Amino acid sequence: MPPPSDIVKVAIEWPGAFPKLMEIDQVGVLGGARSGWSLGNHENFALQIADATNFYITEKNRNDIKNGSILRLTTSPYQTAVQLHERIQSSSMDAKLEALKDLANASRDITFAQEFINLDGISLLTQMVESGNDFGDLLSFTLTAFVELMDHGIVSWDTFSVAFIKKIASYVNKSAMDTAVLQRSLAILESMVLNSQDLYHKVAQEITIGQLIPHLQGTDQDIQTYTIAVINALFLKAPEEKRQEMAHILAQKQLRSIILSNVIRSPTPINDEMAHQLYMLQVLTFNLLEDRMMTKMDPQDQAQRDIIFELRRIAFDVECAPNNSGSIEKRKSMYTRDYKKLGFINHVNPAVDFTQIPPGMLALDNMLYFARHHQDAYIRIVLENSSREDKHECPFGRSSIELTKMLCEILKVGVLPSENCHDFHPMFFTHDRSFEEFFCICIQLLNKTWKEMRATSEDFNKVMQVVREQIMRALTLKPNSLDQFKSRLQNLSYTEILKIRQSERMNQEDFQSRPILELREKIQPEIMELIKQQRLNRLCEGTCFRKISSRRRQDKFWYCRLSPNHKVLHYGDLEECPQGEVPHDSLQDKLPVADIKAVITGKDCPHMKEKGALKLNKEVLELAFSVLYESDEYLNFIAPDRHEYCVWTDGLNALLGKEMTSDYTKSDMDTLLSMEMKLRLLDLENIQIPEAPPPIPKEPSNYDFVYDCN
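It should be emphasised that the depicted structure is a prediction, and the values quoted were computed from it without experimental measurement. Think of each chain on its own: its residues are numbered from 1, step by step along the sequence as written. The model is predicted, so local features are restricted to residues of pLDDT at least 70 and side-chain atom pairs to those at 80 or more, both for listing and for counting; the totals for chains, interfaces and linings are taken over all residues. Hydrogens are left out, water is left out, and the side-chain values use all remaining heavy atoms of the structure.

Trainee: I'm lost on the side chain of H392 in this one. Help?
Mentor: Helix and strand labels come from DSSP, where a helix needs a run of H or I of at least four residues and a strand needs a run of E of at least two; each type is numbered from the N terminus. Tracing the sequence through the fold places H392 in the loop between α19 (375-386) and α20 (396-410). Polar contacts, as counted here, are pairs of nitrogen or oxygen atoms within 3.5 Å of one another; within protein the pair requires one atom able to donate a hydrogen and one able to accept it, and residues that are adjacent in sequence qualify only if both atoms are side-chain atoms. A polar contact of 3.2 Å, which involves the side chain of H392, links it to the backbone oxygen of A455. In what follows, residue pairs with any heavy atoms lying within 4.5 Å of each other are defined as contacts. Not counting chain neighbours up to four residues away, the residues in contact with H392 comprise W450, R454, A455 and T456.

Dropping the structure here:
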């Protein structure tokens, strides 16, 4: 009968005694442990898991005890908390340091943390920090214990005094500070800002980005990570007007250069936590675009309309201000013509195009930036498309609006950062207007792809899909600069995208869908028949084989070939290896295919079993095969190479109606099948293949529509 599920066999340690193997009940685990030793009041004792965590066994985790676990009998969490509470107040520096080390280690356990906090331990630690009497390791372990205790979420962050905040901030603001103290101080400031809006304002008064920059210039990646985490926390909790100010500071070349050279391009590989913080910084910076992205254009706002006039002026080198000469109708007609050339959907009032959110006014901002900072490229795109036939022109206005919307989706503008994402892009830290420059590169890509696809207005969505794929594939390569990103896009032309899609379609798991598998099964017999015919044709051409006697190797040859009707093997001896085919008439011996019983290969061949053949090397052994005919007669072969071996064994097996199993056949099957599948699927480019066939429609109620030929 198996033991009850709640009875486990464990080893229990007790200081100063030998460990004991015991069977204990998970329900009364401590009582079972006490029975092994003569202990006093059981309230003063508890069990810990004897590993690096040293966590106490409680009602919540006692079911995690498994057979073979090692436990430690020790003082209870309350007793340990009381002892440490007294020890960290010792007048002896050495004793105090040891106590703080033990406290920092024990504070990771929530059971102990609860008891220590109940003794007002947090207040004691904050008083020790505020006093300023401790430094070095004493201060480091004090802050470590504080961080571990606060991480359990038992005590609210709003309870701390301004004096404590100022003290922690002073450790960060000092030019030279112990690394461990600085790291813990940065962690505390981050938690304060993230967990309390009130504390954010107090911390923001003590810490500025300028004071944090020096910590990014070091080589300690942990310090750099915590520094960026504090910047992100201040960014996340800042009010809108303050956030714009911070973004301006972050966009400055000095800070970007420090992040690039000391963090991103550091010789030390970026760990996951640093990658996450850089991703957070990237997302929070781009989220500042959300306001413009969600702002509709007011068609009656003259300042906003002036931006559209500016786009027209730069493109066509005309004055923005309306010319008084000519009639109003003539000017309207001129504006309509130019707005159509600019690619707006609404030719009469293009301001209406920017009422869609997203991307709202952000699209217009991007267009104006492109027109002013990349004027030659802007003019070229507009004029190039306005001179094409209508059906092949790439509408700049419409493309810019849809592209801006796409880029916002790709970079998740307006979406809060994910807790588990590490996907940052170094190139966005290389320019103070990185999003606008990103747009400028992509709008030129869109125009190039449009031409490569010879697209018309009906193909607009298809072009946008291809452009999205080009951008995503280039971003996956993590370019270090915008120029490198642009270079990667040059290699991802529409033709290259089609090749990649085709290759992926053939190699991915999607190629294992039911319709594709059915097509493969249908094609395979045809391919196998093709391979079979090739093998038989090769046998008809014939091959020269060399002879090996049982006594010694002789330079004698013999030739064998299959008759054109596949019914007879012709063979005979030769004095030397011929340069071409040997006629049937010159081969004296014949073997009817109908008389062949089997094909034998390798060491099972009779000529490989002979005494002298044992000395032959492994290569010859792998090239040997024999044809068994009549009762015990054999025709023995040694193929000149592996290719001829596969051809002949496959061909002979095909003559006997058996399966061709050589590596050569498998290789040919894979190659030919792949080629045939690609050819048959060419017309299905960009078409989703359904998993199941469409349902058969119901029969019609009558067949009166059938034409009667009579």
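Trainee: Would you take a moment to explain unusual backbone geometry for this structure?
Mentor: If a residue is not glycine, its phi is most likely negative; likewise, a peptide bond is most likely trans. Here the bond from I357 into P358 is cis, since omega is -15°, no more than 30 degrees from zero. Position of P358 among the secondary structure elements: in the loop between α17 (328-341) and α18 (361-373). With a phi close to 55°, K412 is a non-glycine residue in the positive phi region. Only protein chains enter the accessibility calculation, which uses a 1.4 Å probe. A residue is then buried if its area is under 20% of the maximum for its type, exposed if over 50%, and partly exposed in between. Judged by relative accessible area, which is 45%, K412 ranks as partly exposed. The phi dihedral of K478 is positive, around 50°, even though this residue is not glycine. Here K478 lies in the loop between α22 (460-476) and α23 (482-490). With a relative accessible area of 30%, K478 lands in the partly exposed category.

Trainee: Explain the pattern of salt bridges to me, please; I cannot follow it from the model alone.
Mentor: As a working rule, side chains carrying opposite charge can pair if their charged atoms are close by. Salt bridges are identified by distance alone: a Lys or Arg side-chain nitrogen within 4 Å of an Asp or Glu carboxyl oxygen. Evaluated as defined, the whole model comprises 24 salt bridges. A salt bridge links E206 to K166, with the nearest nitrogen and oxygen atoms 2.8 Å apart. Taken as a pair, E206 in helix α9 (residues 197-206) and K166 in helix α7 (residues 162-173) lie far apart in primary sequence, 40 residues in all. A salt bridge links R433 to E436; the shortest N-O distance between them is 3.2 Å. Classification of R433 by relative accessible area gives partly exposed; the value is 36%. A relative accessible area of 14% places E436 in the buried class. Within this structure, E310, R313 and R372 form a network of salt bridges that share partners.

Trainee: What exactly am I supposed to notice about the environment of S386 here?
Mentor: Along the chain, S386 falls in helix α19. Residue classification places S386 among the partly exposed residues on the basis of a relative accessible area of 24%. For the pair S386 and G343, spaced 43 residues apart in sequence, the C-alpha to C-alpha distance is 8.4 Å. In terms of polar contacts, S386 uses its side chain to reach the backbone carbonyl oxygen of L383, at 3.0 Å.

Trainee: I would appreciate a short explanation of the sheet that holds strand β11 (residues 633-638) in the present structure.
Mentor: Sheet strands line up and pair through hydrogen bonds in the backbone, either parallel or antiparallel. DSSP bridges decide pairing: two strands pair if at least two such bridges lie between them. One open sheet holds the three strands; their spatial order is β9-β10-β11, and the pairing between them is antiparallel. Each having just a single partner strand, β9 (596-601) and β11 make up the two edges of the open sheet. Averaged over all neighbouring strand pairs, the angle between strand axes comes to 20°, with direction disregarded. Examined bridge by bridge, β9 and strand β10 (residues 624-629) share five bridges and lie antiparallel to one another. Directly across from I596, in β10, lies its bridge partner Y629. Here helix α28 (residues 642-655) sits on the sheet in contact with β9, β10 and β11, set at roughly 20° to β10. To define axes, lines are fitted to C-alpha atoms, for helices over the stretch in contact only, and angles between the resulting N-to-C directions are given on a 0 to 180 degree scale.

Trainee: How should the nonpolar core be read in this particular structure?
Mentor: Across soluble globular proteins, you tend to see nonpolar side chains buried next to one another. Counting residues in each nonpolar core, the largest one holds 80 residues, and the members touching the most others are I88, L103, L125, F146, M192, L234 and L278. Contacts of L278, omitting those with residues within four sequence positions, involve I228, I259, V263, I264, I270, F424 and F429. Throughout this description, the term nonpolar core refers to a set of buried Ala, Val, Leu, Ile, Met, Phe, Trp, Tyr and Cys residues connected via side-chain atoms within 4.5 Å. By size, the runner-up hydrophobic cluster in this structure holds 69 residues, among which are F354, F438, W450 and Y494.

Trainee: Quick question: what am I supposed to make of the environment of H584 here?
Mentor: The residue H584 is located in the loop between β7 (568-574) and β8 (589-592) in this model. Owing to a relative accessible area of 22%, H584 belongs among the partly exposed residues under this scheme. Taking the C-alpha atoms as reference, H584 lies 8.2 Å from Y571; in sequence the two are 13 residues apart. If we ignore the near neighbours within four places in the chain, the residues touching H584 are R561, L562, S563, P564 and H570. Looking at H584, its side chain comes within polar contact range of the side chain of R561, at 3.4 Å.

Trainee: Quick question: what am I supposed to make of the packing of aromatic side chains here?
Mentor: What describes a pair of aromatic rings is the distance from one ring centre to the other and the angle between the planes of the rings. Two rings belonging to Phe, Tyr or Trp (six-membered ring only in the last case) form a pair when the distance between their centres is within 6.5 Å. Interplanar angles under 30 degrees mark stacking, angles over 60 mark edge-to-face geometry, and anything in between is tilted. Under the defined criterion, the tally for this structure stands at 28 aromatic pairs. Where W450 meets F460, the ring centres are 6.1 Å apart and the plane angle is 65°; that geometry is what we call edge-to-face. Linking W450 in helix α21 (residues 434-453) with F460 in helix α22, this pair joins segments that are 10 residues apart in sequence. Each of the two residues, W450 as well as F460, counts as buried.

Trainee: Please explain the packing of α18 against α21 as it appears in this structure.
Mentor: Geometrically, a packed helix pair is captured by the angle between its two axes and the distance between the axes. Look at α18 against α21: their axes get within 9 Å of each other, and the N-to-C directions meet at 75°. Relative to α21, α18 is oriented roughly perpendicular. Contact with α18, carried on its side by L362, N366, M367, Y369 and F370, involves F435, E436, E437, F439, C440, I443 and Q444 of α21 and no other residues of that element. Under the scheme applied, nonpolar residues are Ala, Val, Leu, Ile, Met, Phe, Trp, Tyr, Cys and Pro; charged residues are Asp, Glu, Lys and Arg; polar residues are all the others, including Gly. Counted by class, the contact of α18 with α21 contains eight nonpolar, two polar and two charged residues. What sets the label is the angle itself: under 35 degrees gives roughly parallel, over 145 gives roughly antiparallel, 65 to 115 gives roughly perpendicular, and the rest give oblique.

Trainee: Would you mind showing me how to read the environment of E633 here?
Mentor: Among the structural elements, E633 can be located in strand β11. For the pair E633 and P606, spaced 27 residues apart in sequence, the C-alpha to C-alpha distance is 9.9 Å. Sequence-distant contacts of E633, defined by excluding residues within four places in its chain, comprise V627 and L628.

Trainee: Whenever I open this one, the pairing of strand β4 (residues 70-75) confuses me. Can you help?
Mentor: Across three bridges, the pairing between strand β1 (residues 7-14) and β4 is parallel. Note that in β4 the partner of I12 across the bridge is L71. Pairing between strand β3 (residues 45-49) and β4: five bridges, direction antiparallel. Across the sheet, residue A46 finds its bridge partner in β4, namely T74.

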